[in-house]
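An overview of the molecular structure
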Amino acid sequence: MRKRLVGGSINTETIMEGVENMRFIFGLDTTSDSRVDTYKSINDMNASDWENRKGILTVQVFLLIRALQPDPGLKIKNQTYVLGKMLIVALSLFQIISGEPFSLRLFV
């Protein structure tokens, strides 16, 4: 969901349907050698990490996406998924389409 200011009021809009969870892991260059030295989640990032934009070399994006309609043939309940060291439990009878990470290389 996102919020937009339209005509003086805030509107809530869906960006992408079916996204159950989204997680980002940042690859940081802490020694200025243009190589990733450590990975941090958004919660582990501090102000100096954000301010040093040239030090953020990669972003791993983890998406857990489900189908929009229930799958009547799906018998699995309470399935656990790992999104970059974070465990997510899916409690619905919807088919999970993707739980795979992908990485983006940032060129600054």
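Residues numbered from 1 in each chain as written. Predicted model: local features only at pLDDT ≥ 70, side-chain atom pairs only at ≥ 80, totals over all residues. Heavy atoms only, no water.

A few words on the layout of surface pockets. Space inside the largest pocket adds up to approximately 180 Å³. Along the walls of the largest pocket sit M1, T14, I15, M16, V19, M22 and L63, which together make up its complete lining. Residue classes in the lining of the largest pocket are distributed as six nonpolar, one polar and no charged. (1 Å grid on protein atoms, 1.4 Å probe; cavity = no way out; pocket = protein on both sides within 12 Å on 5 of 7 lines; lining within 4 Å. Points joined across faces, edges and corners; volume = space filled by probe spheres on them. Nonpolar A, V, L, I, M, F, W, Y, C, P; charged D, E, K, R; others polar.)

The subject of this paragraph is the nonpolar core. F26, L28, M45, I56, V59, V61, L63 and I65 together form the largest nonpolar core, which totals eight residues. Of all the secondary-structure elements, those providing two or more residues to this core are β3 (19–28) and β5 (56–70). A total of five residues in this core trace back to one element, the largest contributor, which is β5. With residues up to four places along the chain from it excluded, the contact list for L28 reads R35, V36, D37, T38, K40, M45, D49, G55 and I56. (Core = buried A, V, L, I, M, F, W, Y, C linked by side-chain atoms within 4.5 Å. Buried < 20%, exposed > 50% of the residue type's maximum accessible area, 1.4 Å probe, protein only. Helix = DSSP H or I, 4+ residues; strand = E, 2+ residues; numbered from the N terminus. Contact = heavy atoms within 4.5 Å.)

Our next topic: a nonpolar patch on the surface. Where nonpolar side chains cluster on the molecular surface, the patch consists of I15, M16, V19 and M22 and spans about 390 Å² of accessible area. For I15, the location among the structural elements is in the loop between β2 (9–13) and β3. Relative accessible area serves as the criterion here: at 59%, I15 is assigned to the exposed category. (Patch = residues over 30% accessible without salt bridge, like charges linked within 9 Å, V, L, I, M, F, W, Y side chains within 5 Å. Areas by Shrake-Rupley, 256 points an atom, 1.4 Å probe, with all protein chains shown as cover. Salt bridge = Lys/Arg side-chain N within 4 Å of Asp/Glu carboxyl O.)

So, on to the pairing of strand β1 (residues 2–6). Relative to β2, β1 is paired through five bridges, and the arrangement is antiparallel. Paired with V6 across the two strands is S9, which belongs to β2. Between β1 and β2, which pair antiparallel and follow one another directly, the connecting turn spans two residues, one of which, G7, has a positive phi of 60°. (Pairing = 2+ DSSP bridges.)

On to the packing of aromatic side chains. Applying the stated criterion across every chain yields a total of one aromatic pair. A centroid spacing of 5.1 Å and a plane angle of 80° characterise the contact between F26 and W50, whose relative ring orientation is edge-to-face. Taken together, the residues F26 in strand β3 and W50 in helix α1 (residues 47–51) connect sequence positions 24 residues apart. Relative accessible area serves as the criterion here: at 38%, W50 is assigned to the partly exposed category. (Phe/Tyr/Trp six-rings, centres within 6.5 Å; stacked < 30°, edge-to-face > 60°.)

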